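Given next are the chains, with one letter for each unit.
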Amino acid sequence: MTNDTIAAISTPPGSGGIGVIRISGRASLEVLSGVFGRTREGVEDCTGFRSHTVYHGYVFEADGAEVIDEVLVIPMLAPKSYTSEDVVEIQAHSGNVVMNTLLERVLANGARLSDPGEFTRRAFLNGRIDLTQAEAVADIINARSVKSLKVAASQNTGVLKEGISQMRSRLMEVYTLFEASIDFPDEAGETIETEKALSVVKDVAEDCSKFIQRYNDACFIREGINVVICGAPNVGKSSLMNRLIENDRSIVTSVPGTTRDPVRESFNLNGIPMVVADTAGIHPTNDLVEIIGIEKAKEHITAADIILFMQEPGGCVPEKELDKVVPDGVKTVFVFNKTDLAVDDKLPEMPEKYMNCPKIGISALNNEGIDELREMIVDLAMRDLDIDSGTVVPNLRHKLALQEAAASLEAVENGLRNHLEEETLALDIKESIEALGRITGETAGIEVLDHIFSNFCIGK
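Residues numbered from 1 in each chain as written. Predicted model: local features only at pLDDT ≥ 70, side-chain atom pairs only at ≥ 80, totals over all residues. Heavy atoms only, no water.

What follows covers the pattern of salt bridges. Overall, the coordinates contain 19 salt bridges when judged by the stated rule. Notably, a salt bridge pairs Glu404 with Arg438, separated by 2.6 Å at the nearest N-O pair. Placement of the pair is Glu404 in helix α13 (residues 396-417) and Arg438 in helix α14 (residues 422-440), with a sequence separation of 34 residues. Its relative accessible area of 38% is what places Glu404 among the partly exposed residues. Residue Glu413 pairs with Arg417 through a salt bridge whose shortest N-O separation is 3.1 Å. (Salt bridge = Lys/Arg side-chain N within 4 Å of Asp/Glu carboxyl O. Helix = DSSP H or I, 4+ residues; strand = E, 2+ residues; numbered from the N terminus. Buried < 20%, exposed > 50% of the residue type's maximum accessible area, 1.4 Å probe, protein only.)

Here's what the structure looks like:
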C-alpha cells in the first residue's frame, strides 16, 4: 500500500441529485474526522466507524461552526474496498460549487488530490485486480453500446486474466524443465520430453491465435462497425444514410454529385455501434472536385467492414466497375433503391462472383425495406464473430503482446524440432511468458502503467 491518502470527486461535473467524493488511504478516517460530524454540533472522531455502514451527518467549514452540506458517509475498510485500502465515500448534493467546496475541505485535512486513474491503479498495485480488469473499468465507462458494455463487463470479471494465467502456467512448467537441463545437465538426463514440450507449446500458440482472432472480432463491437454506402451518382445514397441514422445528416437533392466529401455519422443498431459513411457517386468525370471526391470514396470503401452498394432496380450489376472499387472478401450488401418507381418487383440478376451476397430492394423515399436492411446489416456484422463463446481480447495492447508471444513460441517449436540448445529454447519461451505477463500486468513496465492510467478520469 502507498503511504499517502488521496481524494477526488468521482461523479461527473454539473448539477444532479448526488455527487460523490472518494477518499482512499491509511488516513481516510482521520481525514474524515476533520470535516464530518453526525450532529450539527461540529466534527467528531470518525476513526471508530464500522466498515460498510452508512452514517448520516454534516460536513463543516474549517471553523467547525457552519454546515456546508448534509451528507451520507460510507467507510469501506481494507481490504474490502475498491482499492484494498481504507476508503471513505461522501455522498452529497451534486453541484460544482458544493462539490468543489467539500473537496477543498477534505484536501485541507491531509488528503492529496488524486492523479487520473489513481484509485484503479492502487487497486491494481494492491493486487485486487489485474491490468486487464483495470482496463475493463475504462471500457465500461466509455462503452458506446449495450454490446460493448457486455464485453467490458465480462472482461471486468477476470476471465481474460484466468485464460492468460493458465497459458503462462503451462509455459512455466516447460521453462522450468529447460532451466533444470541447463543447471543440472548430468542429473537431468532425459528430463525434457520433446513431444510433450511440443504439445504444450503448440497448444498455447493455438490459444494465442484464438485470442488474436477474438480481438479482431471484439474490436468491431468496441470501436464500431464501419459501414460505407457507395454507388453511382443520384441512386439515393444520401437518402439511405438519413434513413439508417434517422436524421437528415446528408444533403439530399435531385442534382447528381451533391455529395463530394464523405459524410460520416455514428449510430446504434440493435445495440451494436456503427459508423456509416455516405460517399461521392463513382462515375467517369473530368471535374477535378468530383475526381477528388471519388478518390476519397474509394479510400473509405477500402477501409470498410461492410459495403452497401446501391443502384436502381433496372439494368444489370456492373461487375467490372465493382471489381475496381470493392476489395475482395469485404462483406457487401446490394441495395436496389427506388423500387417504388420500378416496373416490376424483379431485382437484377447477380454476377456469379457476387451470387452469395445478400441483396434487397428498398425505397428510401418511402421508407420501405429499411427495417429489413437494418436486420441484414446486423446479421452480416455479427456473422462469424466469436464474442459470446469465450474470452474476449478487448484492446490492441493485448493483441500485440499475444502476437509477440506467438512469434516466440513459433521459435521454440522450431528449436525443439531441430534439437537446439536448451539455453536458446529457454530464452525464447521466457520471452513468450513475459509477453503474456504484460497483458495481466505481472511483467508490465512503469511506462505501460503510466500510459494506461493516464487515460482514466480523475476520481476513478
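Still more to cover.
Moving on: α13. Compared with an ideal rise of 1.5 Å per residue, which puts 22 residues at 32 Å, α13 spans 32 Å between its outermost C-alpha atoms and is within 8% of the ideal. Looking only at α13, the buried set comprises His398, Lys399, Ala401, Leu402, Ala405, Ala406, Ser408, Leu409, Val412, Glu413, Gly415 and Leu416. (Expected span 1.5 Å × (residues − 1).)

Next up on the list: the packing of α13 against α14. Direction vectors running N to C along α13 and α14 enclose 165°, while the axes themselves pass 8 Å from each other. Between α13 and α14, the crossing angle belongs to the class labelled roughly antiparallel. Considering only the axes of α13 and α14, their crossing is left-handed. Residues Arg397, His398, Ala401, Leu402, Glu404, Ala405, Ser408, Leu409, Ala411, Val412, Gly415 and Leu416 of α13 form the contact with α14, whose participating residues are Leu425, Asp428, Ile429, Glu431, Ser432, Ala435, Leu436, Arg438 and Ile439. The residue inventory of the contact of α13 with α14, partitioned by class, reads 12 nonpolar, 4 polar and 5 charged. (Axes fitted to C-alpha atoms, helices over the stretch in contact; angles between N-to-C directions. Parallel < 35°, antiparallel > 145°, perpendicular 65-115°, else oblique. Left-handed = near helix turned anticlockwise from the far one by under 90°. Contact = heavy atoms within 4.5 Å. Nonpolar A, V, L, I, M, F, W, Y, C, P; charged D, E, K, R; others polar.)

Our next topic: the nonpolar core. If you look at the biggest cluster of nonpolar residues, it comprises 32 residues, and the most contacted ones within it are Ile164, Met167, Cys208, Leu402, Leu416, Ile429 and Leu436. Here the element with the most residues in this core is helix α8 (residues 194-223); it accounts for 10 residues. Other than its neighbours up to four places away in sequence, Met167 contacts Val204, Asp207, Cys208, Phe211, Leu402 and Leu436. Leu308, Val335, Ile360 and Leu373 belong to the second-largest nonpolar core, a separate cluster that totals 28 residues. (Core = buried A, V, L, I, M, F, W, Y, C linked by side-chain atoms within 4.5 Å.)

Our next topic: the sheet that holds strand β10 (residues 272-278). For sheets, the rule is that strands pair by backbone hydrogen bonds, running either parallel or antiparallel. Spatially, the 6 strands line up as an open sheet ordered β9-β10-β8-β11-β12-β13, and their pairing is mixed. Strands with a single pairing partner mark the edges of an open sheet, and in this sheet they are β9 (263-269) and β13 (359-361). Going across the sheet, the axis of each strand differs from the next one's by a mean of 25°, ignoring polarity. Where helix α12 (residues 370-382) meets the sheet, its contacts fall on β8 (225-231), β9, β10, β11 (306-311), β12 (331-336) and β13, and the angle it forms with β12 comes to roughly 170°. (Pairing = 2+ DSSP bridges.)

On to the environment of Gly231, then. With respect to the helices and strands, the residue Gly231 is situated in strand β8. Sequence-wise, Gly231 and Asp278 are 47 residues apart; in three dimensions their C-alpha atoms are separated by 9.9 Å.

With that out of the way, let us pick up the pairing of strand β5 (residues 67-76). Of all 10 residues in β5, 7 are buried, a share of seventy percent or more. When strand β4 (residues 55-60) meets β5, the two strands line up antiparallel, connected through 6 bridges. Considered in β5, the bridge of Val59 is made with Asp69. If you look at the hairpin formed by β4 and β5, you'll find 6 residues sitting between the two strands, and Gly64 has a positive phi there, around 75°. Both β5 and strand β6 (residues 87-94) contribute to a ladder of 5 bridges, which runs antiparallel. Among the inter-strand pairings, Ile74 is bridged to a residue of β6, identified as Glu89.

Attention shifts here to helix α2 (residues 96-108). Here α2 contains 13 residues, and its C-alpha end-to-end distance of 18 Å stays within 8% of the 18 Å for a straight helix at 1.5 Å per residue. Just beyond α2, the residue with positive phi is Gly110, at close to 115°.

One open sheet holds the 7 strands; their spatial order is β3-β4-β5-β6-β2-β1-β7, and the pairing between them is mixed. Lying at the two open borders of the sheet, with one neighbouring strand each, are β3 (36-37) and β7 (112-113). Relative to the sheet, helix α3 (residues 118-125) contacts β1 (6-9), β2 (16-24) and β7, its axis offset from that of β1 by approximately 135°.

In this section: the packing of aromatic side chains. Tallying each qualifying case throughout the model produces 7 aromatic pairs. Between Phe36 and Phe49, the ring centres sit 6.2 Å apart and the planes meet at 85°, which makes this aromatic pair edge-to-face. Remark: Phe49 occurs in the loop between β3 and β4 and Phe36 occurs in strand β3; sequence separation between them is 13 residues. You'll find Phe36 and Phe49 in the same group, each marked buried. With a centroid separation of 5.5 Å and an interplanar angle of 70°, the aromatic rings of Phe334 and Tyr354 are classed as edge-to-face. In this pair, Phe334 sits in strand β12 while Tyr354 sits in the loop between β12 and β13, placing the two residues 20 residues apart along the sequence. Each of the two residues, Phe334 as well as Tyr354, counts as buried. (Phe/Tyr/Trp six-rings, centres within 6.5 Å; stacked < 30°, edge-to-face > 60°.)

These figures come from the coordinates and say nothing about function on their own.
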